[in-house]
Amino acid sequence: MVAGQAKLNSLRFDIDMESPKYINSQLLEDIANEDLWEEFLSIEIGHWCNKDLRKLSLQSDLKELYDSYYSWTSGYTHGAWGAVRESCYETCGNPLHRFHRYPKYNQLYDTVYDSAQLVNLILDDLDRAYPEFKPRFLS
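A. Quick look at the layout of surface pockets. When its volume is computed, the largest pocket comes out at roughly 260 Å³. Lining the largest pocket are Ser68, Tyr69, Trp72, Thr73, Tyr76, Glu86, Leu108, Tyr109, Asp110, Thr111 and Asp114. By residue class, the composition of the lining of the largest pocket is 5 nonpolar, 3 polar and 3 charged. As for the second largest pocket, its lining consists of Leu62, Leu65, Leu118, Leu121, Ile122, Asp125 and Arg128. The biggest single contributor to the lining of the second largest pocket is helix α7 (residues 112-129), with 5 residues. Partitioning the lining of the second largest pocket into residue classes produces 5 nonpolar, no polar and 2 charged.

B. Molecular detail of the environment of Lys104. With respect to the helices and strands, the residue Lys104 is situated in the loop between β2 (101-103) and α7. For Lys104 and Ser87, which are 17 residues apart along the polypeptide, the C-alpha to C-alpha distance reads 8.0 Å. Those residues in contact with Lys104, other than ones at most four positions away along the chain, are Glu86, Ser87, Cys88, Tyr89 and Glu90.

C. Focus on the pattern of salt bridges. Applying the stated criterion across every chain, the model contains 2 salt bridges. Residues Asp67 and Lys63 are paired through a salt bridge, measuring 2.7 Å at the closest nitrogen-oxygen approach. With a gap of 4 residues between them, Asp67 and Lys63 both fall in helix α4 (residues 63-70), about one helical turn apart. According to the relative accessible area criterion, Lys63 is partly exposed, its value standing at 22%. For Arg128, the salt bridge goes to Asp125, with nearest N and O atoms at 2.3 Å. With Arg128 and Asp125 both in helix α7, this residue pair falls 3 residues apart, about one helical turn. Residue classification places Asp125 among the partly exposed residues on the basis of a relative accessible area of 42%.

Definitions and limits used
Numbering of residues starts from 1 in every chain and runs along the sequence as written. Predicted model: local features are reported for residues with pLDDT of at least 70 only, side-chain atom pairs are reported and counted for 80 or more only, and whole-chain, interface and lining totals are derived from all residues. Only heavy atoms go into the side-chain values, all of them from the structure, while hydrogens and water stay out. Definitions used for this entry: grid spacing 1 Å over protein atoms alone; cavity, a set of points where a 1.4 Å probe fits but cannot get out; pocket, an open set with protein on both sides within 12 Å along at least 5 of 7 lines; lining residue, one with an atom within 4 Å of a point. Grid points are joined across faces, edges and corners, and a volume is the space filled by probe spheres set on the points. Each residue receives one of three labels: charged for Asp, Glu, Lys and Arg, nonpolar for Ala, Val, Leu, Ile, Met, Phe, Trp, Tyr, Cys and Pro, and polar for the others, Gly being one of them. The way it works is that DSSP assigns letters per residue, a run of H or I at least four long becomes a helix, a run of E at least two long becomes a strand, and they are numbered from the N terminus. Note on definitions: a residue-residue contact is assigned when non-hydrogen atoms from the two residues lie within 4.5 Å. Salt bridges are defined as contacts in which a side-chain nitrogen from Lys or Arg sits within 4 Å of a carboxyl oxygen from Asp or Glu. Burial classes follow relative accessibility: with a 1.4 Å probe on protein chains only, a residue under 20% of its type's maximum area counts as buried, one over 50% as exposed, and anything between as partly exposed.

So, in C-alpha cells, the structure goes:
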C-alpha cells in the first residue's frame, strides 16, 4: 500500500503539479519501484483491510459511538456543506429576505467534555487489555 501511495503521488507530481519543497519526488519514485516495477504496481486508495470505519465499528460493537461522534463530525474534516454551514453561516429570520445566510460571528460548541469522555473510554480499554500494568508514578 505504501508503494502504491508513493506511485500515485509520484505520478501526480510528474504530470499534474509541482511537488512541495519538503517532498523529494525522486525518493517517491524510488519507493514505488523498490519491490516491483511501478508499471506492475496497482494503486489502492482504500483502507488497508478493505473495510470502512463504519464496518469496523459494527465489527467491534462500537456502532453507537460511531453514530454519536463520527458520522456528523467527519464532515468538518472533509469540508462537507453541512459542517461549513453550521460553523460559518447563520440563517436570516426575515421571510422577506428569503431566509438567506450570512456569516456568523459566534464560535462552535466546546468539545472538551466529549473529548475527555472518549479518552476515558480508550483508557478503560487499555485497562482491560493490560490488567497487569502497574502505574509508574506514585500519587
